[in-house]
Amino acid sequence: EPEVTQTPSHQVTQMGQEVILRCVPISNHLYFYWYRQILGQKVEFLVSFYNNEISEKSEIFDDQFSVERPDGSNFTLKIRSTKLEDSAMYFCASRDGLWSSTDTQYFGPGTRLTVL
Amino acid sequence: GQNIDQPTEMTATEGAIVQINCTYQTSGFNGLFWYQQHAGEAPTFLSYNVLDGLEEKGRFSSFLSRSKGYSYLLLKELQMKDSASYLCAVRDTTQAGTALIFGKGTTLSVSS
């Protein structure tokens, strides 16, 4: 069964450093998402991406964040200058976007980001 | 504003039936999802409701009442592996488009 994959599974970085989190969505999916989950808290929406542009973003997704689909398979989240409070599990999700479907979002296994 | 409420924790025994409730107040509504999340893992899709009524899927069923802003997830014949967090999520077309707004999750502990 096709699945969303993410790399790395674990990333440790120093405050102020740039990090890039990578995702490979399910191949025929059209919509891509990033969510984050701070330890012990709820899953929070960051950004959605469709047709090579951001379609929605939350208040969390400020100028320090950016997303890109550099090729036909990868979807990346970049944090330019990490802060301690960026420490969280980051989940990538995708959905097919077909009108006949339930628009279910399928989540990747996550990247645990630790900012020191 | 958006508000999705679920009980924080529930406990049950193997073989039993448990109902996890979710109430929501969102400015728009275009579907409610239930996900299961084991500790340290990704949320996995369980069920989807967009119309009122019950959707059944094996040991799992989900119910929706849009007029009451209420859903529940029913788990039958509980197994130890059902110990996990259960996340209620709403798709709010008004504010977040196709994004999902999650509740804080209900941690279910199943004992033998």
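Residues numbered from 1 in each chain as written. Chains lettered and ligands numbered in written order. Predicted model: local features only at pLDDT ≥ 70, side-chain atom pairs only at ≥ 80, totals over all residues. Heavy atoms only, no water.

Draft legend 1. Examining the state of the cysteines more closely. Residue and element names in this part refer to chain A. Counted according to the given criterion, the structure contains two disulfides over all chains. Across the disulfide from Cys-23 sits Cys-92; the S-S distance is 1.9 Å. Residues Cys-23 and Cys-92 are joined through a disulfide that is left-handed, its torsion about the S-S bond being -65°. Taken together, the positions of Cys-23 in strand S3 (residues 19-24) and Cys-92 in strand S9 (residues 88-95) put the pair 69 residues apart, joining distant regions of the chain. Taking the relative accessible area as the measure of exposure, Cys-23 reaches 1% and is therefore buried. (Disulfide = S-S within 2.5 Å. Helix = DSSP H or I, 4+ residues; strand = E, 2+ residues; numbered from the N terminus. Buried < 20%, exposed > 50% of the residue type's maximum accessible area, 1.4 Å probe, protein only.)

Draft legend 2. Local environment of the interface of chain A and chain B. Counting residues at the interface gives 19 residues for chain A and 20 residues for chain B. By the criterion of area lost to chain B, the three top residues of chain A are Lys42(A), Val43(A) and Phe107(A), representing 29% of everything that side buries. Seen at the junction of chain A and chain B, the total is zero salt bridges. Of all elements in the fold, only strand S4 (31-37), strand S5 (43-50) and S9 of chain A reach the threshold of two or more residues within the side of chain A that touches chain B. Looking at the side of chain A that touches chain B residue by residue, the classes come out as nine nonpolar, six polar and four charged. (Contact = heavy atoms within 4.5 Å. Buried area = accessible area lost by both parts, 1.4 Å probe. Salt bridge = Lys/Arg side-chain N within 4 Å of Asp/Glu carboxyl O. Nonpolar A, V, L, I, M, F, W, Y, C, P; charged D, E, K, R; others polar.)

Draft legend 3. The arrangement of the side chain of Thr111(A) in detail. Residues and elements named next belong to chain A. With respect to the helices and strands, the residue Thr-111 is situated in strand S11 (residues 111-115). Owing to a relative accessible area of 0%, Thr-111 belongs among the buried residues under this scheme. A polar side-chain atom of Thr-111 sits 2.5 Å from the main-chain carbonyl oxygen of Pro-8. Aside from chain neighbours lying at most four places away, what touches Thr-111 is Gln-6, Thr-7, Pro-8, Ser-9, Gln-11, Leu-21, Ala-88, Met-89 and Tyr-90. (Polar contact = N/O pair within 3.5 Å; in protein donor to acceptor, adjacent residues only side chain to side chain.)

Draft legend 4. Looking closely at the layout of surface pockets. Its volume calculated, the largest pocket comes out at about 1,000 Å³. Taken together, 42 residues make up the lining of the largest pocket; nearest its centre are Gln41(A), Lys42(A), Val43(A), Glu44(A) and Gly103(B). Sorting the residues of the lining of the largest pocket by element identifies S5 and S9 of chain A together with strand S1 (3-5), strand S9 (84-91) and strand S10 (100-102) of chain B as the ones contributing at least two each. Each pocket or cavity is described by its volume, and for the second largest pocket that value is around 350 Å³. If you go around the second largest pocket, you meet 19 residues; those closest to its centre are Glu3(A), Tyr106(A), Phe107(A), Pro43(B) and Thr44(B). Listed by contribution, the elements that provide at least two residues to the lining of the second largest pocket are strand S10 (106-107) of chain A together with strand S4 (32-37) and strand S5 (44-49) of chain B. (1 Å grid on protein atoms, 1.4 Å probe; cavity = no way out; pocket = protein on both sides within 12 Å on 5 of 7 lines; lining within 4 Å. Points joined across faces, edges and corners; volume = space filled by probe spheres on them.)

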